[in-house]
Amino acid sequence: MTPENRAGYWRANLGLLSILLIIWFIVSYGFGILLVEPLNAIKLGGYPLGFWFAQQGSIYVFLVLIFVYATSMNKLDKKFEVEED
Amino acid sequence: MTALDMWTYGVVGATFALYIGIAIWARAGTTGEFYVAGGGIHPVANGMATAADWMSAASFISMAGLIAFNGYGASVFLMGWTGGYVLLALLLAPYLRKFGKFTVPEFIGDRYYSQAARIVAVVCLILASITYVIGQMKGIGVAFSRFLEVPYDVGLYIGMGIVAVYAVAGGMKGITYTQIAQYVVLIFAYTVPAIFISLNLTGNPVPQLGLGGSYVQDGVATGMSLLDKLDLVVTELGFKEYTTQVMGSSLNMFVYTLSLMIGTAGLPHVIIRFFTVPKVRDARYSAGWALVFIALLYTTAPAVGAMARLNLMDTIQIGPVGAEDGNLLYDERPEWFKKWEETGLLQYEDKNGDGRIQYYDDKNPAFAEKAESFGWKGNEMVKVDRDIMVLANPEIANLPAWVVALVVAGGLAAALSTAAGLLLAISSSISHDLLKGVIAKNISEKAELTAGRLSMIVAILVAGYLGLNPPGFAAGTVAIAFGLAASSIFPVLMMGIFAKRMNKEGAIAGMTAGITVTLLYVFQHKGIFFVPGTEFLMPEMGMGPDWFFGISPNAFGAVGALVNFIVAYIVSTVTAPPPEHIQHLVEDVRVPGGAGAPTGH
């Protein structure tokens, strides 16, 4: 585990974090709160779309985000050779 | 004894026997087992235990009711209490697991090379956890007294006894395996009635789909979606439209959601669960599994809330609004209605003396004229406690007695599992952070284990006492627990990992400032230490209720967190950087390699 590896790993981690947290923000605060009214004009089955994001959709996206993060970090651990024994 | 009582005693008794059986099997022999279950819990199992740890009596009993009466506005709880797991998984859990110690204050003390910071963290942790545990104790007492017809205090003693058996003997190890069993009980108890009700109202057995499905009345499809039907039914009676009603303002909902998310990620009893898995990568996945198990309940709750509300409205408003026979005759009210009237959770008052029940929004001026023209003299359902939405749901939907019994066992499982997790966080911070860390550093492991057990017993007794004599501020406790965690613990943990330059002066100043502004705002609205009459809102100076951009005190934790970050940053830039070995420690926490089993040394 060289210092360059550590630095590269940390940069890659921060890049991944930023992308995932932007999505986290958009689905909950964006779609669920700030843009809820325009989105409610669209229907998802019987759900107004904004309402669906606020009470269902954002939670499903949160789940996907965590598993994408865990899987991507495993790959980064290997790529930068910082994984656990 | 009725058949329902037999079922309830049977199901509750069987679950309690199971918890005690687990306690005998999973006894803790070392401090490692007592604090972090030996660090060998499988990530999926830990996810399940975390879900039970997290989902309290409030999630199980109260949340669906909150949703039923706040509609879209209650989304803050749904998003806030789940979105925090994204922050926990991405920003805290893996790094704190890598650090590999037993408690949250221990990380803060080591990272900020300061006993003072550790002690401040212990104080925050104990305050947040104690206020939280009072609610669980009340939940246990209420569940017993309502369903088993034993007095509130007897129910509380039984609950304390059960927790004592498995938490004192097994510590984190006993608590973990019991929480897994409790999760199974509570999720089964929550989803079974929901499936039946969804089937009943929409023909779809999956509540998450049923809520977006079309409304079926008496077995005949109406072609109208369930949510449209609900919007129509409530607005016809003057209530706010279900799918659009907001809580405060959009800004308030935004900040409230953020406070709950940050608070969730900063609550110590949840964080320490991630110290129990073997590796850093397990901590990442485990947070995902925890959210899977939580989401099962949290995506079902909106369906339970909406469908229960529709059932309630339809039970009372049996015909067209305004028609003489459109309202249910009080004498013809169903059995469950009578039963819940006895508990005082439902209250009826015949204001216009017509013997029928009018349930509408009499605070809506636009509807008042219409109501008067019908000869209505005000809303006659003077009390509809929101907790009924879950507790009475099986009866409203005519489900068999064993389902009702299951709901009781589920509510108790939710309260017991959360109480045990909180009590462990409290007792480990006393025996490990204060005793071993500050007062008696040379104490042997065996003595520390005994001290851990003793502080657990004391914590249970204190929690029980507060459950029996809830202080006046019990109603404000959730705000405090989340406000404290959000404004103090979360920022300090996050900066400890992501800001290498953050030093002890910055951390202590940040924590103190964050907590202070949050408490001040809460005290300003609810009284100094919640003593009634000491509120100090100053409308003449532009400080009326929710004066800060319309943000309610419950939602203020996010503002406190922001203050924490800013103050910490400013103070740290004008003081000396942390010593070299601390900067190495941060570097080391950031990479997974080299994580061993958690140690207290």
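Residues numbered from 1 in each chain as written. Chains lettered and ligands numbered in written order. Predicted model: local features only at pLDDT ≥ 70, side-chain atom pairs only at ≥ 80, totals over all residues.

Considerations on the overall build of chain A
The condition that has to hold: Under the DSSP-based scheme used, a helix requires at least four consecutive residues in state H or I and a strand at least two consecutive residues in state E, with every element numbered from the N terminus. We compute the radius of gyration from the C-alpha atoms alone; for a globule the expected value is 2.2 Å times N to the 0.38, where N is the number of residues. Every C-beta atom is placed from the backbone, and the number of other C-beta atoms within 10 Å of a residue's own sets its class: buried at 20 or more, exposed at 12 or fewer, partly exposed in between.
Within chain A, the regular secondary structure consists of 3 helices and 2 strands. When the helices and strands of chain A are read in sequence order from the N terminus, they spell out α-α-β-β-α. For 85 residues, the compact-globule estimate of 2.2 N^0.38 gives 12 Å, and the C-alpha radius of gyration of chain A, at 17 Å, exceeds that figure by more than 25%. Seen through its principal axes, chain A has C-alpha atoms that stretch 55 × 20 × 15 Å. Per-residue burial over chain A gives 36% buried out of 85 residues.

A short note on the interface of chain B and chain A
Quick reminder of the rule: By definition, residues are in contact whenever their C-beta atoms, placed on the basis of the backbone, come within 7 Å of each other. Here the nonpolar group is Ala, Val, Leu, Ile, Met, Phe, Trp, Tyr, Cys and Pro; Asp, Glu, Lys and Arg are the charged ones; every other residue, Gly included, is treated as polar.
Counting from both sides, the interface comprises 42 residues of chain B and, opposite them, 38 residues of chain A. Within the residue set of the side of chain B that touches chain A, elements represented by two or more residues are α5 (75–99), α10 (226–236), α11 (250–266), α13 (280–298) and α24 (580–590) of chain B. Sort the elements by how many residues they give to the side of chain B that touches chain A and α13 of chain B lands first, with 10 residues. Residue composition of the side of chain B that touches chain A, by class: 22 nonpolar, 14 polar and 6 charged.

Remarks on the confidence of the model for chain A
Fine structural detail should not be taken from predicted coordinates in areas where pLDDT scores are low. Applicable threshold: Every residue gets a pLDDT, meaning the predictor's confidence in that residue, from 0 to 100.
This prediction gives chain A a mean pLDDT of 94; 100% of its residues lie at or above 70. Mean pLDDT across the elements of chain A ranges from a minimum in strand β1 (residues 43–44) of chain A, with 92, to a maximum in helix α3 (residues 49–79) of chain A, with 96.

Re the nonpolar core
One broad trend across soluble globular proteins is that nonpolar side chains are buried collectively. Applied cut-off: For this analysis, nonpolar core means a set of buried Ala, Val, Leu, Ile, Met, Phe, Trp, Tyr and Cys residues linked through C-beta atoms within 7 Å.
Judged by nonpolar contacts, the single largest core of 226 residues is most densely connected at I66 of chain A together with L186 and L423 of chain B. Among the elements that make up this core, the one with the highest residue count is helix α8 (residues 152–202) of chain B (20 residues).

Topic: the pairing of strand β1 (residues 214–217) of chain B
All names here are of chain B. Keep this limit in mind: Strands qualify as paired when DSSP identifies two bridges or more between them.
Here β1 pairs with strand β2 (residues 220–225) via 3 bridges, running antiparallel. The partner of V216 across the bridge, within β2, is A221. Between the antiparallel neighbours β1 and β2 lie 2 residues, among them D218 with a positive phi of about 50 degrees.

Section: the UniProt feature "transmembrane region" (unreviewed entry) in chain A
All names here are of chain A. The test is simple: UniProt positions are given in the numbering used here, feature names are shortened, and annotations may be inferred rather than shown by experiment.
UniProt marks residues 12–31 and 51–70 with the feature "transmembrane region" (unreviewed entry), using the numbering shown here. Overall, residues 12–31 shows 100% helix and 0% strand. The separation of its end C-alpha atoms is 27 Å. Between the first and last C-alpha atoms of residues 51–70 the distance is 29 Å; the span itself is 100% helix and 0% strand.

What about the packing of helix α1 (residues 3–25) of chain B against helix α19 (residues 401–439) of chain B?
Residues and elements named next belong to chain B. Basically, it comes down to this: Comment: axis = line fitted to C-alpha atoms, over the contacting stretch for helices; angle = value between 0 and 180 degrees taken between N-to-C directions. Oblique is the label for any angle not under 35 degrees, not over 145, and not in the 65 to 115 range, which are roughly parallel, roughly antiparallel and roughly perpendicular in turn. The handedness criterion is simple: a crossing whose near helix is rotated anticlockwise from the far helix by less than a right angle is left-handed, and one whose near helix is rotated clockwise is right-handed.
Interhelical geometry of α1 versus α19 gives an angle of 40 degrees and a closest axis separation of 8 Å. With respect to α19, the axis of α1 lies oblique. The way α1 lies across α19 gives a crossing that is right-handed. Contacts from A3, L4, W7, T8, G10, V11, V12 and T15 in α1 reach A401, W402, V404, A405, L406, V408, A409, L412 and A413 in α19.

A few points about helix α6 (residues 104–111) of chain B
Residue and element names in this part refer to chain B. The buried count for α6 comes to 7 of 8 residues, which makes it a mostly enclosed element. Of the residues making up α6, those classed as buried are V104, P105, E106, F107, I108, G109 and R111. Phi turns positive, to about 35 degrees, at Y113, one or two residues after α6.

Here's the deal with the confidence of the model for chain B
In this model, chain B carries a mean pLDDT of 89, and residues with pLDDT of at least 70 account for 97%. Interface confidence in the predicted complex, given as ipTM, is 0.97; pTM for the same model is 0.92.

Considering α8 of chain B
All names here are of chain B. Keep this limit in mind: Take the number of residues in a helix, subtract one, and multiply by 1.5 Å to get its expected span. Consider a residue and the seven residues that end there alongside the seven that start there; fitting an axis to each set, the bend is the angle between those axes.
Taking 1.5 Å per residue, 51 residues should reach 75 Å; α8 reaches only 38 Å between its end C-alpha atoms and comes up short. The sharpest bend along α8 reaches about 130 degrees and sits at G170. Taken from the residues just after α8, G203 is the one with a positive phi, measuring 75 degrees.

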